[in-house]
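Understanding the architecture of this molecule
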Amino acid sequence: MTNLDDYRAVSRPGANRPPEDADLVGVPAPPLPDLTAGWTARAVDPDTFDLELVHRWMQSPHVAAFWQQAWSRELWERELRAQLAGVHSLPCLVGRDGTPMMYLEIYRAARDQVARCYRAAPHDIGVHVAVGDLALTDRGLVRSVLPVLTEALFEADPRCTRVLMEPDVRNKRAIASFHAGGFEPVGEVLLPGKVALLMIHSR
């Protein structure tokens, strides 16, 4: 395991970058990756069935156990619209042959709560992944798409040198998939609502 101290946020007053820090002025919203190898990614459109799909997936017990966002449809609509209007996170649907298979949130780590325990560079990108349909889990989908996704993110933002994920340490299925998909475990970090394993894929 890589030494977490190489990535840990500096523990002195003012050292950890808050979301409004001037260092982030000019850093664009996270990019929409142009996937290959048969995969597609598009931004969620809350004015379509996308909203129903994301809402339903988040109610699934295997997702809700770790995302803790089994919210109402109305709250999810507000959440998606807020993400789409901001520069922190981009909600996406990833799939094949026109069929959505995963919900992703692609986010700027330096604008996220993870920056309080991880020394994020302004262009670092984080990813949250949920496979909403239980029947599609344990089929190697995540480990297959992650190399394609990280390559597309690096291509979309040439100044991005690291893509990160922070699964709950109890989510052994996700951790195994992320590791198989090219992400190396760095160490455990404490985030709101969970102890997470910080995992990094470097350019």
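Just so we're clear, the structure is a prediction, and the values are computed from it rather than from any experiment. (Residues numbered from 1 in each chain as written. Predicted model: local features only at pLDDT ≥ 70, side-chain atom pairs only at ≥ 80, totals over all residues. Heavy atoms only, no water.)

Here the focus is the sheet that holds strand β3 (residues 99–108). One open sheet accounts for seven strands, arranged β1-β2-β3-β4-β5-β7-β6; its pairing is mixed. Strands with a single pairing partner mark the edges of an open sheet, and in this sheet they are β1 (39–43) and β6 (184–191). The sheet shows a mean angle of 30 degrees between the axes of neighbouring strands, taken without regard to direction. On top of the sheet, helix α3 (residues 73–85) reaches β1, β2 (89–96) and β3; it is set at about 105 degrees to β2, its chief contact. Docked against the sheet, helix α4 (residues 141–156) engages β1, β2, β3, β4 (125–130), β5 (162–165) and β7 (194–202), running at close to 45 degrees with respect to β3. (Pairing = 2+ DSSP bridges. Helix = DSSP H or I, 4+ residues; strand = E, 2+ residues; numbered from the N terminus. Axes fitted to C-alpha atoms, helices over the stretch in contact; angles between N-to-C directions. Contact = heavy atoms within 4.5 Å.)

Now for the pairing of β3. The buried count for β3 comes to eight of 10 residues, which makes it a mostly enclosed element. Across eight bridges, β2 lies against β3 in antiparallel orientation. Paired with Leu93 across the two strands is Tyr103, which belongs to β3. Here β2 folds back onto β3, and the loop between the two strands holds two residues, one of which, Asp97, carries a positive phi near 55 degrees. In the sheet, β3 pairs with β4 via six bridges, with the strands oriented antiparallel. Its bridge partner lying in β4, Ile106 is registered against Val127. (Buried < 20%, exposed > 50% of the residue type's maximum accessible area, 1.4 Å probe, protein only.)

Relative orientation of the contacting elements α4 and helix α5 (residues 172–180) amounts to 40 degrees, with a least axis distance of 8 Å. Classed by the angle they form, the pair α4 and α5 counts as oblique. Considering how the two elements wind past one another, α4 and α5 form a crossing that is right-handed. Taking contact as the criterion, the partners of Val142, Arg143 and Leu146 in α4 are, on α5, Ala176, Ser177, Phe178 and Ala180. Residues belonging to the contact of α4 with α5 are distributed by class as follows: five nonpolar, one polar and one charged. (Parallel < 35°, antiparallel > 145°, perpendicular 65-115°, else oblique. Left-handed = near helix turned anticlockwise from the far one by under 90°. Nonpolar A, V, L, I, M, F, W, Y, C, P; charged D, E, K, R; others polar.)

By themselves, these are just geometric observations and shouldn't be taken as functional.
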